[in-house]
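# An overview of the molecular structure
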Amino acid sequence: MPDKKAQVISDVVLSFYKVATVDFLIGYQFRKIQEFQGSSPLTPPIEAFKNHLPRIEKFWRMQLLGEKLNDGERFDLMSIHKDLLVRKGEVNRWVLLFKQTLLAYEMDHPENKDFLKNWNKKIEEFEKRFLTFLF
Ligand code: HEM
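First, a word on what this report is: a plain description of the structure on this page. (Residues numbered from 1 in each chain as written. Predicted model: local features only at pLDDT ≥ 70, side-chain atom pairs only at ≥ 80, totals over all residues. Heavy atoms only, no water.)

### Notes on helix α6 (residues 113–133)
So the rule is basically this: Helix and strand labels come from DSSP, where a helix needs a run of H or I of at least four residues and a strand needs a run of E of at least two; each type is numbered from the N terminus. A helix is expected to span 1.5 Å for every residue after the first. Buried residues are those whose accessible area, probed at 1.4 Å on protein chains only, stays under 20% of the maximum for their type, while exposed residues exceed 50% and partly exposed ones sit between those limits. It is the directions from the helix axis to the C-beta atoms whose arc is reported.
End to end, α6 covers 30 Å across 21 residues, agreeing with the expected 30 Å (1.5 Å per residue, within 8%). When α6 is considered as a whole, its buried residues turn out to be Phe115, Leu116, Trp119, Lys122, Ile123, Phe126 and Phe130. Each buried residue of α6 sits inside an arc of 110° when the element is viewed along its axis, so together they form one side. Among the exposed residues of α6, those pointing more than 90 degrees away from its buried face are Asp114, Lys117, Lys128 and Thr132.

### Things to note about the side chain of Arg93
Here is the rule we go by: Contact criterion: two residues are considered in contact whenever any of their non-hydrogen atoms come within 4.5 Å of each other.
Turning to its location among the elements, Arg93 is positioned in helix α5 (residues 88–108). Arg93 has contacts with Asp23, Phe24, Leu25 and Ile26, leaving out every residue within four places of it along the chain.

### Some thoughts on the coordination of the iron atom of the ligand
Rules: Each metal site is built from N, O and S donor atoms within 2.8 Å (3.2 Å for Na, K and Ca), and since water is not included, such sites may look incomplete.
There is one protein donor for the iron atom of the ligand, and it is His81 (NE2), at 2.0 Å. Structurally, His81 is set in helix α4 (residues 77–83).

### Some details on unusual backbone geometry
At Leu85, a position not held by glycine, the phi torsion is positive, near 60°. With relative accessibility at 64%, the residue Leu85 sits in the exposed group.

### What to know about the packing of α5 against α6
Under the convention used in this document: A fitted line through C-alpha atoms serves as each axis, taken over the contacting stretch for helices, and the angle formed by two N-to-C directions is quoted from 0 to 180°. Here is the rule for angles: anything less than 35 degrees is roughly parallel, anything more than 145 is roughly antiparallel, 65 through 115 is roughly perpendicular, and the remaining ranges are oblique. Gly counts as polar in this scheme, as do all residues outside two lists: the nonpolar Ala, Val, Leu, Ile, Met, Phe, Trp, Tyr, Cys and Pro, and the charged Asp, Glu, Lys and Arg.
Contact geometry of α5 with α6 gives a least axis separation of 10 Å together with a crossing angle of 180°. When the interaxial angle is binned, α5 and α6 end up roughly antiparallel. Residues Lys88, Val91, Asn92, Trp94, Val95, Phe98, Lys99, Leu102, Tyr105 and Glu106 of α5 form the contact with α6, whose own contacting residues are Lys113, Leu116, Trp119, Asn120, Ile123, Glu124, Glu127, Phe130 and Leu131. Residues of the contact of α5 with α6, tallied by class, amount to 11 nonpolar, 2 polar and 6 charged.

### Concerning the site of the ligand
We count it as follows: Near residues are defined by distance, with any heavy atom within 4 Å of the molecule or strand qualifying the residue. Distance and chemistry together define a polar contact, namely a pair of N or O atoms within 3.5 Å, with one atom able to donate a hydrogen and the other to accept it when in protein, and with adjacent residues in sequence counting only for side-chain atoms on both sides.
Neighbouring residues of the ligand: 20 residues in total, closest Arg55, Phe59, Ile80, His81 and Trp94. Here His81 contributes a side-chain N or O atom positioned 2.9 Å from a nitrogen atom of the ligand. Taken together, the elements giving at least two residues each to the shell around the ligand come down to α2 (27–31), α3 (52–65), α4, α5 and α6. Counting residues per element, the shell around the ligand draws most heavily on α3, which supplies 5 residues. The residue makeup of the shell around the ligand, split by class, is 15 nonpolar, 3 polar and 2 charged.

### Regarding the packing of aromatic side chains
Inclusion rule: Put simply, two rings from Phe, Tyr or Trp (the six-membered ring, in Trp's case) pair if the centres are within 6.5 Å, and we call them stacked under 30 degrees between planes, edge-to-face over 60, tilted for the rest.
Going through the model one piece at a time under the given rule, you end up with 13 aromatic pairs. Ring geometry for Phe115 and Trp119: centres 6.2 Å apart, planes at 65°, overall edge-to-face. A residue pair is termed a helical-turn pair when its members lie 3 or 4 positions apart in one helix, as Phe115 and Trp119 do in helix α6 at 4 residues. An identical accessibility class is assigned to Phe115 and Trp119; each is buried.

### A word on the pattern of salt bridges
Here is the rule: Between Lys or Arg on one side and Asp or Glu on the other, a salt bridge is scored when a side-chain nitrogen of the former is within 4 Å of a carboxyl oxygen of the latter.
Per the counting criterion, the structure on display carries 7 salt bridges. Between Lys50 and Glu35 there is a salt bridge; the shortest N-O distance is 3.7 Å. Pair noted here: Lys50 is in the loop between α2 and α3 and Glu35 is in the loop between α2 and α3, with a separation of 15 residues, a long-range link. Connected through salt bridges with shared partners, the residues Lys58, Arg61, Glu67 and Glu73 form a single ionic network.

As structure tokens, this is what we get:
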């Protein structure tokens, strides 16, 4: 059921961003694109990323559900991350946090095991791709 899987994607992406945007190592990267400041500069509310999250969800729906891009829509992943000056250790941290998010989600929703396993494999492919192309 694609709708159910789209909801899984939305939930996982939200959980990941709640952690990543305030992470002590990579949070500062996301704070470069936060839309407004919260009461504390290091812990922006998740609402400060409300324009970013739908793009990320769309990306993963393409990757995991085969959804197509609309006309004029594109993802230029490598150049976006190059511009951010992402470091190797930051890729490793991103991957660790994403995998932890997938694991935690699986504990609460074991019926999605296969889907999450496939997602985990995709994360490893992107890790390789990032480490090959960015450095
Ligand atoms: C390794 C796997 C990664 C994947 C699959 C991934 C995926 C994405 C995607 C799909 C976007 C949206 C691009 C767009 O809107 O066109 C994005 C943007 C972004 N990513 Fe990543 N990312 C990865 C690693 C990282 C790392 C390591 C960092 C930083 C530590 C990071 C920080 C960001 C930030 C701050 C943006 C927003 C950039 C902007 O809108 O200008 N990402 N990423």
